[in-house]
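Listed here are the chains, written in short residue letters.
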Amino acid sequence: MKLINQSMLTAIITLSTASVYYAQQVQDTVDTRSKDIEQVVITGVADIAKDRKTPVAVSTIKAAQIVEKLGNQEFPEILNTTPSVYATKGGGGFGDASIRIRGFGNENIAVMVNGMPVNDMETGAVYWSNWAGLSDVTSTMQVQRGLGSSKLAIPSVGGTINVLTRSADMKKQGSITLGLANDGYIKTAFSYNTGKNAKGWSTSFLMSRTAGAMYVDGTDFESYNYYFAVGFQPNEKHDFQFTFTGAPQWHNQNFSSSIETFIKYGNGIDDPNRRYNPNWGYLTDADGKARQFSTNRNFYSKPIASFNWDYKISESSKLSTVLYGSWGRGGGTGILGSINGKNTNSGQLPRTADGLIRWDDIVKWNQGGNVADFGANNAFPAGAGINRSNNGITQRANINSHDWYGVLSNFNHKLNQNWNFSVGIDARYYYGYHPGVLTNLLGANGYQERGDANQPNGYIATSTQDTVPSANPFVKAIKDKSQIVNRNYDGRVLWYGGFGQIEYSNDNLSAFVQGAVSNQSFQRIDNWIIDGVTKQPNTPAGEVVNRRTPYKDLLGFNIKGGINYNINANHNVFGNIGYYSRQPFFNGVFPSNRQVLNPNLTNEKIFGAELGYGYRSSNFKANVNLFRTSWGDRFQRRTGLTVTDTSGNQIQNAYAEISGITQVHYGAELELFYNVGKLLDLEGMFSWGDYKYEGNASGSVFDDNNQPITIQNGINSATLALDKAKVGDAPQLTASLGAVLKPVKGLKINANWRFIGDLYSQINVNDFMVNMTTGAIPDAAQKGTLRLPDYNLFDVGANYTFIFSNKNALTLGANIYNLLDTVYISEGRTSIYNDANNTTNYKGIDVRNQVYFGFGRTWAANITFKF
């Protein structure tokens, strides 16, 4: 499977050749000795916290740490030694990582790249597989825990991650990298920076490829990364930077299984097979070769272009502006249909002895062949060789493409030596395309689609789409509108807002007050309803809907302030406080995949407060933080669930929409750094939290084809007894200790210990739903969310740099993760407790619980030549 076609390859060679040639015409004017962030990265509109000045809890990761320690880990995992941060690999597919800060997940952490917001405008999510290439071009990553210092009206409930990439005018240098790791992982990369010439021009270029498999079985992947930047600084007043970057990739995925399933395919007694993945098997292709084939593959390309302009109007005034655009193309696959009422989920269609899906037998059945343990042969109710939603198994992809454009501009004016203010605008336009397409008919000739109300007799779709992203970053979002299956809707979001800040600073005291307001306009477009006729829900009492909903305008705002006081050269204290009135995400405005506006639509309310203390000396640094965050009227969409319907069937990769949630999180954090001369650096962190729900909520569940799942009394919704339950999915007790030994020049040996405790399972609708008939509260709700076992992890690594000259160096590096091969559960999806009929446990946990096991021992090594 090739991502790069001939025209794309030609363009890459041309750009890289031009960069190298251009380098010979320039004189490097960057002072490489400077340690100022602004000298080596694009800052522009980014809000960067400054030590002993900005009153927020902040941690900074430099490029060297990423290069030395990341290896084949997921990009956000580099933050795991930061207080109150928990990053995991999710199901273990490439780029399927997730991160939590202070108990709040991806969609409630603002992720900024050079000041540009990258959280999805419909869901708030950040899909790290789309940003896998960031590790190659990041110069600094700064994590601001809590509401942070960003002036924008962004979803920074848990915190803000500022990723700052290399600017085009970095020093003149090139590099070639080769990386190897477990399970056939291989990475190659080439980069070159020309440096800035006397006329102010500079370029930077990077290209990399990563491929192989992850630790979990059935998770093959391939990813490319390209980055091109041009800088122009004609004089001291103007600085222009243009960047174009993307990371097209595909990867096979894994979803949670029960502990008993992991044990079944382990030793069958008490040793789980951590590599087990229920989503895959072997499918024989046209060449007669059996190849890995998965129910679920993610394929996506999300190039982003940005143009930054920094204008120094005068010594006291500066205007920073960025124009950006992003063109996401791709989606994720899944399965349509069943065979005699059974699908590919675990426990339904028979599998091989080692738990793999029998794809060749599915193809045989789809074509009318006899598969004895599948039951009756295919009767072809839709016609010979034709599958449909309740007969035959077909692979489809739900497309989630988008066009996104934005402008962000900030004007800063220094009133005098102590006072300055900033004002700015934040405007965005987003159009999301969400059709379904066929990706593999699995031996059938076509698929009968009956979901379009405008075509009541249905139609036959026969064309399949490749599950590899196009090398063309501007390819059409929808290739053939006549071949759409499963769903066909679009979403439009308009965002326009303004922000302002006033700041006071002197030698010892700094303070700020800032506010932002934004209006978001939401519109849902359903191409499969009869305009002005269709009712949703489809009952006599349903609401008549239109193909295009009216725009729904929602106004949101935030206000926050903070103060820092430097007691002396060693000690400082700070505090901050803030309030957000935040608009819900798109699926909170139009829930249940309908054109009907949420009747209980309201903004979410977030209040945060924090106190901090810092100590600095020549060789020791310490930070202490206390925080409290409350969140009311939250609407949450939980994905990747396993839900049991009233017939006892387990539906995998389901999702739930939960409304009326209230959460309160508070805790304490400690961060320490100590330099023991030139030979040894030590660091440590500790965080403790108490994250709980207040009051009950309501939830509805759907399968991954957006069909309601009946959970009681013939409906798909229930009241959830959440009051006083612990918030799951993030540990409430963490600690780490790390050391970097530098025994000789050029050699670094690092070791790290990390402890995870007080980790609870996520909320699952089945476990917490109140009985609608009797009012009985389920066992899990009475006992609380399931506490998972505490665990410890050890990582080690080393790297050595051979310096040949001022420009040439060779670095060898290697890391071992989970050195002791600890078996641990990284995430829990259910809260099932033993009862009279089920008493089998694993480490004190009922084996029926759905979990993700963390990776076993893995390794990575690399060699980099700089010239």
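Look a little higher up for the structure.
Residues numbered from 1 in each chain as written. Predicted model: local features only at pLDDT ≥ 70, side-chain atom pairs only at ≥ 80, totals over all residues. Heavy atoms only, no water.

Describing the sheet that holds strand β24 (residues 446–449)
Note: strands within a sheet are paired through backbone hydrogen bonds, in either parallel or antiparallel orientation. Within the open sheet, the three strands sit side by side as β20-β24-β25. Their pairing is mixed. Across the chains shown, the open sheet's two edge strands, defined by having one partner strand only, are β20 (386–387) and β25 (459–461). Sheet topology note: the β20/β24 ladder contains two bridges and is parallel. Each residue of the ladder has a partner; that of isoleucine 386, found in β24, is glycine 446. (Pairing = 2+ DSSP bridges. Helix = DSSP H or I, 4+ residues; strand = E, 2+ residues; numbered from the N terminus.)

Some points on the pairing of strand β34 (residues 650–676)
Alignment of strand β33 (residues 620–644) against β34, held across 19 bridges, turns out to be antiparallel. Across the sheet, threonine 644 pairs through a bridge with glutamine 650, a residue of β34. In sequence, β33 turns back onto β34 through a hairpin of five residues, with glycine 648 there showing a positive phi of about 90 degrees. Across five bridges, the pairing between β34 and strand β36 (residues 697–702) is antiparallel. Within β36, the residue paired with tyrosine 655 across the bridge is phenylalanine 702. Taken together, the 14 bridges between β34 and strand β35 (residues 680–693) define a ladder with antiparallel strand orientation. If you follow histidine 665 over to β35, its bridge partner there is tyrosine 691. Hairpin connection of β34 to β35: three residues between the antiparallel strands, including glycine 677 at a positive phi of 65 degrees.

Focus on the side chain of arginine 754
With respect to the helices and strands, arginine 754 occurs in strand β39 (residues 747–757). Although arginine 754 lies buried, it forms no salt bridge, and the closest oppositely charged side chain, aspartate 795, sits 5.6 Å away as judged by the N-O distance. Not counting residues within four places of it along the chain, the set of residues in contact with arginine 754 comprises Asn80, Tyr86, Ala735, Ser736, Tyr791, Asn792 and Leu793. (Buried < 20%, exposed > 50% of the residue type's maximum accessible area, 1.4 Å probe, protein only. Lys, Arg positive; Asp, Glu negative; His and termini not counted. Salt bridge = Lys/Arg side-chain N within 4 Å of Asp/Glu carboxyl O. Contact = heavy atoms within 4.5 Å.)

Considering the packing of aromatic side chains
The full count for this structure, using the stated rule, is 36 aromatic pairs. Here the aromatic rings of phenylalanine 94 and phenylalanine 221 are separated by 4.3 Å at their centres, their planes lie at 0 degrees, and the arrangement is stacked. Placement of phenylalanine 94 in the loop between β2 (85–88) and β3 (98–101) and of phenylalanine 221 in strand β11 (residues 220–232) is noted, with a sequence separation of 127 residues between them. This pair shows no difference in class: phenylalanine 94 is buried, exactly as phenylalanine 221 is. Aromatic side chains tryptophan 327 and tyrosine 405 sit 6.0 Å apart centroid to centroid with 75 degrees between the ring planes, which places their arrangement in the edge-to-face category. With tryptophan 327 in strand β19 (residues 317–338) and tyrosine 405 in strand β22 (residues 401–414), this pair connects stretches of sequence that are 78 residues apart. Here tyrosine 405 falls in the partly exposed class, since its relative accessible area comes to 38%. Aromatic rings pair up to connect Trp201, Phe232, Phe240, Phe307, Trp309 and Tyr311 into one cluster. (Phe/Tyr/Trp six-rings, centres within 6.5 Å; stacked < 30°, edge-to-face > 60°.)

A look at the pairing of strand β1 (residues 57–62)
Alternating positions in β1 separate cleanly, Ala57, Ser59 and Ile61 being buried on one face and Val58, Thr60 and Lys62 remaining unburied on the opposite face. Here β1 runs beside strand β6 (residues 138–145); their pairing, made up of six bridges, is antiparallel. Its bridge partner lying in β6, valine 58 is registered against glutamine 144.

Focus: the pattern of salt bridges
Following the criterion strictly, the structure yields 33 salt bridges and no others. In this structure, the salt-bridge partner of glutamate 657 is arginine 637, at a minimum N-O distance of 4.0 Å. Of this pair, glutamate 657 sits in strand β34 while arginine 637 sits in strand β33, placing them 20 residues apart in sequence. You can call glutamate 657 buried: its relative accessible area is 5%. By relative accessible area, which is 28% here, arginine 637 ends up partly exposed. Linking arginine 848 and aspartate 835 is a salt bridge whose minimum nitrogen-to-oxygen distance equals 3.7 Å. Separated by 13 residues along the polypeptide, arginine 848 in the loop between β44 (845–846) and β45 (850–853) and aspartate 835 in the loop between β42 (825–828) and β43 (841–842) bring together distant segments of the chain. Residue aspartate 835 is classed as partly exposed on the basis of its relative accessible area, which comes to 35%. Each of the salt bridges in this network shares a partner with another, and the network as a whole consists of Arg100, Asp729, Glu827 and Arg829.

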